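Next come the chains, spelled out residue by residue.
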Amino acid sequence: MINHHMKNIKKYVLTLTIFLSITGCSPVQEVNIYTSRHYDVDDILYAEFTKKTGIQVNVISGSGGALMERLKSEGKNSPGDVFFTVDAGNLSNFQRAGFLQPITSTTIKELVPEELRGVNDEWVAIAKRARVIFYNPESITQDEIDGITYEELSDEKWRGRIVIRSSSNMYNQSLVSSLISNLGEQKTEQWAKGLVKNMARSPQGNDRSQLMAVANGVADLAIANTYYVGIMLSGKGGDEQQKAAEKLKVAFPNQNDRGAHVNISGGGILKFSPNRDNAEKFLEFLLSEEAQSHIVNNSFEYPVIETVQPHPIIDSLGEFKMDKTSVSDFGKYNPTAVKLMDRAGWK
């Protein structure tokens with residue numbers, strides 16, 4: 001009787017296994033992406049990753065602050081696998097809060113230079129963007145712009161001629177953090193006070209607003225990320241923005257010393273990732289030639305890997321020397337930068 005009962009159990013288990021296999025109810029391969037990137041083109045990347053690997057991508061979008069609060073409330077039960085965002089400062093904030101873990105993939109470490117990785121390899125760059133000077137050649141002479149540095153932007157000759165967005169913007173906080181890393185806090189604060197005096201207006205709007213202001217004669221130069229001018233020149237921002245961008249020229253600062261400030265888009269593996277292997281596969285995919293080409297040709301960022309070329313519009317801005325300051329310093333000095341900008345009166 002017992003043997004008959006055991007046979008029935010084995011028969012049931014075998015039947016259930018076959019049924020689950022046929023109906024596709026076996027455990028689903030997935031990766032859960034928490035992202036604060038706002039680029040529609042990322043959806044194509046997710047679809048391509050699934051097509052190549054069979055791993056389903058689930059996306060949870062929100063601001064960095066909202067995602068941080070969500071992770072706090074989820075704790076060890078969080079389904080999150082990857083944090084994908086813009087700016088090294090944001091990645092550093094997540095690392096400082098204890099939400100990330102070291103990346104172990106040798107492929108990733110071989111592709112991404114050390115200065116584009118976080119402390120303990122807890123996050124890595126996926127794409128680069130330069131924060132540089134855009135100017136109106138009708139109001140700035142070649143002598144004024146040749147060999148220009150970030151430091152010079154605090155000089156009196158630029159009084160009332162500069163536009164830049166607010167101090168609450170992470171891109172500016174990271175720029176100031178990089179200056180602290182290279183010049184020290186005291187010199188950077190003096191620089192920031194001079195820059196504030198040279199502003200043509202109180203900080204307002206995004207980077208495109210600064211570029212429009214220069215094109216329209218509100219100011220002579222703007223500090224902005226390169227990909228914004230790429231979007232404008234491509235026509236994706238409309239005719240008005242395209243015509244405005246065509247009036248501008250670019251100047252890459254500090255070409256005779258450390259190079260122009262470069263920031264990143266990047267990703268890291270969340271601390272309690274339930275699909276850790278899939279998370280590393282996803283980051284490796286983002287650093288493949290195919291994914292890098294897709295990123296640079298749609299977001300107008302610079303590639304991380306050397307075998308991929310930037311979008312032709314970005315490439316036309318010219319080659320330049322990039323600052324090799326570790327992007328992890330942008331997070332390290334962020335709290336100092338925020339206080340410094342406030343003391344300098346940078347609104």
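From a predicted model like this one, the values you see are computed outputs, not experimental measurements.

Basis of the calculations
Residues numbered from 1 in each chain as written. Predicted model: local features only at pLDDT ≥ 70, side-chain atom pairs only at ≥ 80, totals over all residues. Heavy atoms only, no water. Helix = DSSP H or I, 4+ residues; strand = E, 2+ residues; numbered from the N terminus. Buried < 20%, exposed > 50% of the residue type's maximum accessible area, 1.4 Å probe, protein only. Contact = heavy atoms within 4.5 Å. Lys, Arg positive; Asp, Glu negative; His and termini not counted. Charge placed at Lys NZ, Arg CZ, Asp CG, Glu CD. Polar contact = N/O pair within 3.5 Å; in protein donor to acceptor, adjacent residues only side chain to side chain. Salt bridge = Lys/Arg side-chain N within 4 Å of Asp/Glu carboxyl O. Axes fitted to C-alpha atoms, helices over the stretch in contact; angles between N-to-C directions. Left-handed = near helix turned anticlockwise from the far one by under 90°. Nonpolar A, V, L, I, M, F, W, Y, C, P; charged D, E, K, R; others polar. Arc of directions from axis to C-beta.

> Break down the overall build of the protein chain for me, citing the residues and quoting the values.
A count of helical and extended segments in the protein chain gives 16 helices and 10 strands. Taken over 347 residues, the protein chain has a buried fraction of 52%. Taking the intrachain contacts of the protein chain between residues at least 6 apart in sequence as the baseline, contacts between residues at least 24 apart amount to 77%. Side-chain charges in the protein chain split into 38 positive and 42 negative, and the spacing between the mean points of these groups amounts to 6 Å.

> Tell me what's going on with the side chain of Ser 299, and back it up with residues and numbers.
Inspection of the secondary structure assignment puts Ser 299 in helix H13 (residues 289-299). There is a polar contact of 2.8 Å between the side chain of Ser 299 and the backbone oxygen of Ile 295. Here Glu 301 takes part through its side chain, which lies 2.7 Å from a polar atom of the side chain of Ser 299.

> Please provide a residue-by-residue account of the pattern of salt bridges, values included.
For the structure on display, the rule yields 19 salt bridges. The structure contains a network of salt bridges with shared partners spanning Arg 37, Asp 42, Arg 129 and Glu 301.

> I'd love a proper account of the environment of Phe 285, names of residues and values included.
By the secondary structure assignment, Phe 285 is in helix H12 (residues 276-286). Each C-alpha atom of the pair Phe 285 and Lys 52 lies 9.4 Å from the other, and the pair is 233 residues apart in sequence. Beyond its immediate stretch of four places on either side in the chain, Phe 285 contacts Leu 45, Glu 48, Phe 49, Lys 52 and Ala 291.

> Explain unusual backbone geometry residue by residue, including any values.
In this structure, Asp 87 is a non-glycine residue whose phi angle is positive, near 80 degrees. By the secondary structure assignment, Asp 87 is in the loop between strand S3 (82-86) and helix H4 (88-96). Judged by its relative accessible area of 0%, Asp 87 is buried. Its identity as a non-glycine residue notwithstanding, Asp 121 has a phi of 55 degrees, on the positive side. As for its placement among the helices and strands, Asp 121 is situated in the loop between helix H5 (106-111) and strand S5 (124-135).

> Talk me through the packing of helix H9 (residues 207-215) against helix H11 (residues 239-246); I want residue IDs and the actual numbers.
Across the interface, H9 lies against H11 with an axial gap of 9 Å and an inter-helix angle of 60 degrees. Seen from above, H9 lies across H11 with left-handed handedness. For the pair H9 and H11, contact is made by Arg 208, Met 212 and Ala 215 and by Glu 240, Gln 241 and Ala 244, respectively. Residue composition of the contact of H9 with H11, by class: 3 nonpolar, 1 polar and 2 charged.

> Describe the side chain of Asp 87, and please don't skip the residues or the numbers.
The charged side chain of Asp 87 is buried without a salt bridge, its nearest counter-charge being Arg 129 at 5.8 Å. Residues within four places of Asp 87 in sequence aside, it is in contact with Met 170, Tyr 171, Ser 174, Asn 263, Ile 264 and Ser 265.

> An account of the environment of Ile 231 is requested, with residue identities and associated values reported.
Within the secondary structure layout, Ile 231 lies in helix H10 (residues 226-234). With relative accessibility at 15%, the residue Ile 231 sits in the buried group. The sequence separation of Ile 231 and Arg 208 amounts to 23 residues, and the corresponding C-alpha distance is 9.3 Å. If sequence neighbours within four positions are ignored, Ile 231 has contacts with Arg 208, Lys 236, Gly 237 and Phe 300.

> Explain helix H3 (residues 64-74) to me, using residue names and the numbers behind them.
Among all positions in H3, only Leu 67, Met 68, Leu 71 and Glu 74 are buried. Buried residues along H3 cover an arc of 130 degrees about the axis, so they all sit on one side. Residues of H3 that are buried in the fold lie against strand S1 (30-35), strand S2 (56-61), S3, H4 and strand S9 (262-270).

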